[in-house]
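Geometric and topological summary
Now for the letters of each chain:
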Amino acid sequence: MRSARSEALAAFHDISARMVGSLDLDETLGAIARAATDVLAADIGAIFLQDAEPGLVLRGVFGARSTAWRGLRLDADRGLNWTAFRTRRAARVDDCQSLVESDATLSSRQVIVEEPVRSAMAVPVPRRAALVGTIGVYRRFVEPFDEEDEFLLNLLSQQAGIALDNAFAYGELGATRDRLEALIETTDAIWRQSSFEEVAQRVVDDASRLLPNVACLVGVVPPDRPHQLVFVAGTPGWAAEQLGTVHDLRETRIANRVLIGGEPIESHSFSQASPLATSMTRGTAIDTARLIPLGEPLPDGRTRLGVLGYYRPGRRPFSDDERLVMDEFGKRVSIALHRAELLRLTESTKARLETAVEVAADLSESLDPSEVIRRVLVRAVEVGRADRGVLLRVDGEDTVVEDFHDLTDLEDIIGYRHPIALQPLMREAVTSRQAVIGGRYDVSKILSPLEGSLAAVRHTATIPLILDGEVTAVMVLSRREDSPFVASDLALFQLIGNQAVLALRNARLFAQAQAVTRAQSDFLNMAAHELRTPLSVIAGYVSMMEDGTLGEAPRHWKAPLETLRSKSAELETLISELLIASRLEAGTIPFQAGEMDLRDAAFAAIERVQPRASLLGARIVDRFPPEPVVVMADPDQVGRILDNLLNNALSYSSGPPRVTVTVHADEPRVEVRDRGRGVTAEQRERIFERFYRIDDPSLPHVPGTGLGLYISRQLASRMGGRLTLERTVRGKGSTFTLRLPPVL
Ligand code: ADP
């Protein structure tokens, strides 16, 4: 034994080098137990470390046989190791049996009896200025340790202290590295994952992994409910059960203080901190809690985005290291929350714009002002989750109800007049020109029977509708349930309001324009009829004078009579075009649509215009396909259109006109092409307007009304076809195309 010991002594440095060679804590502990056994020529070596609770716990053993060692925990105040720990010096026992005999409840009793161990020695293990545990060496026989052994074991223990220090430091380094990695990962996750809930859950998962026995909960203050706290992420068990629960901030004293003060608060009697804390921690031993504020105060009235809470059983303060990690996680969650808020904001702005576009599309579908108002109200009520929407016209100092949309059947309030000054909400909206959120209107100022239904209103949003800088109308949305309108709703209402104003203006302008058009066409109709009678009398007399019914006309009357006849013919055309135009507008032109061959129509039109063409020395070429080109149209009206196109082609030419009429079978159409004056790009569409004529003084005057192309295009479209000026080059010619619906 002794020789083995000197060998061991000789190898002391090797052993201790091995002992401090590893950086893994468990390996180091095992190496210490083994080195102690070897150096002290003992049978068993063990190392105990101080536990969180008073006492020592076995962390490494060498040479042991009995299972009694497993999980061995040495109570405080008793036994060999505890004595060494408490007195900070070596303690020796010659025969452990005496210990067992003197203390029947000794915690190492079973080891001593079962292993069995007889002679034993223990020394404290120092770590920096403090002690961390003890090393115990044991012999199976009574072979007491001496002072030299004590010296050696103390020496070893110093080395062990250093080895442990390294291993601990390394372990801490590892934990710090893990933490850093986790933090980096969470930060990454924050940018990868779009949902705040996912990130928050991830953070609490990481937090509970890095802070064992600590539960973690994330509560946020919803943007539309700044007085509430909603738990959105939590772990483990009891904390996870809190998910989705909503609380009034007044129930959560500590959280509320953290939100307002912006500083972390730690409580060691959390279960009594507030009614909410008591109910949350019921059934757990949780009493230690640290709550950290998330984010900065927000412009929408929220003091913070939320609170991050850490909880653990008992009343033990968190260590500085733990707090550091907690605060760090707090920062991460804040970033995630801010980002989620940004995303939400973008999403809601997108959604808002989409709604606005939808509303605009919906509103623009109607040009009837009262229908537009109706649609505005229906949309606003729907989008604003309101019960009722009322549109009031501003009329001087009063508002007058134009229309309303109500989800329940309330009394008719259209036409109700009320002074703006009597309603503070209305007055504010009209004078500030901004949407206003508020409670119900002042019922006492409102006449029966309205006060009944208004009394049920809980919340209102009043949106001024501004046109050309004036508040022309006001829209009031109301809710009967207790859910206030929030600032973020207003932007959308205002957007709808603006659309509404524009749609209304368009509708009103359109209605006015329609009224003017109607008056015009009434006038045209009347004028044409009134002109026609005297004209037919004039024409009648002219022809009687020409044919001698009224006696032989003097020779020199011949030229003036011819002029009279041609002028009355022009007038006749003018009157008949005026009549057709007014009938078109009144919708009283009869259409007799049927199947017809476009070639026949084109051929007949050329025939009709031929005498005039001959007079002008014009050439008309036709290009017809061999097979019929059947369309569904009224032959009289098609004839009228073609007459007009051919006459124009002959009229607006310089020199003898050359006209080509082509009928196409594919996509049935007639093309009338001339080599005449052409028109400019700017005139291209205008020539289809009523009374539009081009008066070019450098060209010979052509009599006309400016109604021909207008009437032709109207007729074409009434038959489901289209008349277009396909090509035109000033001075080179034009091609007009008449398309008509094919027979399917
Ligand atoms: P009107 O012929 O009675 O003036 P239209 O509506 O038929 O009325 O034509 C409007 C104007 O378009 C004409 O004044 C003329 O200047 C121009 N226009 C019509 N057809 C042609 C054409 N084939 N070539 C050049 N200009 C034309």
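This section reports on the structure supplied with the text.

Under the counting rule described, the total for this entry stands at four cavities of 30 Å³ or more. When its volume is computed, the largest cavity comes out at roughly 310 Å³. What lines the largest cavity is a set of 19 residues, and nearest its centre among them are Val390, Leu392, Tyr441, Ile446 and Leu454. Secondary structure elements with two or more residues in the lining of the largest cavity: β13 (388-395), β14 (398-406), α15 (450-455) and β18 (470-479). Looking at which element gives the most residues to the lining of the largest cavity, the answer is β13, with three residues. Tallied by class, residues from the lining of the largest cavity come to 12 nonpolar, five polar and two charged. Taken as a whole, the second largest cavity encloses approximately 170 Å³ of empty space. Taken together, 18 residues make up the lining of the second largest cavity; nearest its centre are Leu74, Leu80, Asn81, Ser108 and Tyr138. Split into classes, the residues belonging to the lining of the second largest cavity amount to 13 nonpolar, four polar and one charged.

Moving on: the site of the ligand. Taken together, 18 residues lie around the ligand, and Asn648, Tyr652, Asp674, Arg693 and Leu709 are the ones closest in. The separation between an oxygen atom of the ligand and a polar side-chain atom of Asn648 is 2.8 Å. Between an oxygen atom of the ligand and a main-chain N or O atom of Thr705, the distance comes to 3.0 Å. In isolation the ligand has 530 Å² of accessible area, and contact with the protein removes 96% of it. Of all elements in the fold, only α19 (635-651), α20 (708-718) and β25 (733-739) reach the threshold of two or more residues within the shell around the ligand. Its residues assigned to classes, the shell around the ligand comprises eight nonpolar, eight polar and two charged.

Turning our attention to the packing of aromatic side chains. Counted under the stated rule, the structure contains six aromatic pairs. A ring pair is formed by Trp238 and Tyr311, whose centres lie 5.3 Å apart and whose planes are at 80°; its orientation type is edge-to-face. On the criterion of sequence distance, the pair formed by Trp238 in helix α9 (residues 237-240) and Tyr311 in strand β12 (residues 306-313) is long-range, its members being 73 residues apart. No difference in accessibility class separates Trp238 from Tyr311, as the two residues are buried. Between Phe688 and Phe736, the ring centres sit 6.3 Å apart and the planes meet at 65°, which makes this aromatic pair edge-to-face. Within this pair, whereas Phe688 is found in the loop between β23 (669-674) and α20, its partner Phe736 is found in strand β25, the two being separated by 48 residues in sequence. Since its relative accessible area comes to 4%, Phe688 is described here as buried. An aromatic cluster of at least three residues, connected via ring pairs, comprises Trp238, Phe270 and Tyr311. Over the face of the ring belonging to Phe688 we find Arg713, whose NZ or CZ atom lies 3.7 Å from the ring centre.

Attention shifts here to the packing of helix α18 (residues 598-616) against α19. For the pair α18 and α19, interaxial distance at closest approach is 9 Å and the crossing angle is 35°. For the pair α18 and α19, the crossing hand works out as right-handed. When α18 is examined against α19, the residues Leu598, Ala601, Ala602, Ala605, Ile606, Arg608, Val609, Arg612, Ala613 and Leu616 are found in contact with a partner set consisting of Val638, Gly639, Leu642, Asp643, Leu646, Asn647, Leu650 and Ser651. Residue classes in the contact of α18 with α19 are distributed as 12 nonpolar, three polar and three charged.

Reading guide: rules and limits
- Residues numbered from 1 in each chain as written.
- Predicted model: local features only at pLDDT ≥ 70, side-chain atom pairs only at ≥ 80, totals over all residues.
- Heavy atoms only, no water.
- 1 Å grid on protein atoms, 1.4 Å probe; cavity = no way out; pocket = protein on both sides within 12 Å on 5 of 7 lines; lining within 4 Å.
- Points joined across faces, edges and corners; volume = space filled by probe spheres on them.
- Helix = DSSP H or I, 4+ residues; strand = E, 2+ residues; numbered from the N terminus.
- Nonpolar A, V, L, I, M, F, W, Y, C, P; charged D, E, K, R; others polar.
- Near = heavy atom within 4 Å.
- Polar contact = N/O pair within 3.5 Å; in protein donor to acceptor, adjacent residues only side chain to side chain.
- Areas by Shrake-Rupley, 256 points an atom, 1.4 Å probe, with all protein chains shown as cover.
- Phe/Tyr/Trp six-rings, centres within 6.5 Å; stacked < 30°, edge-to-face > 60°.
- Buried < 20%, exposed > 50% of the residue type's maximum accessible area, 1.4 Å probe, protein only.
- Lys NZ or Arg CZ within 6 Å of the ring centre and 35° of its normal.
- Axes fitted to C-alpha atoms, helices over the stretch in contact; angles between N-to-C directions.
- Left-handed = near helix turned anticlockwise from the far one by under 90°.
- Contact = heavy atoms within 4.5 Å.

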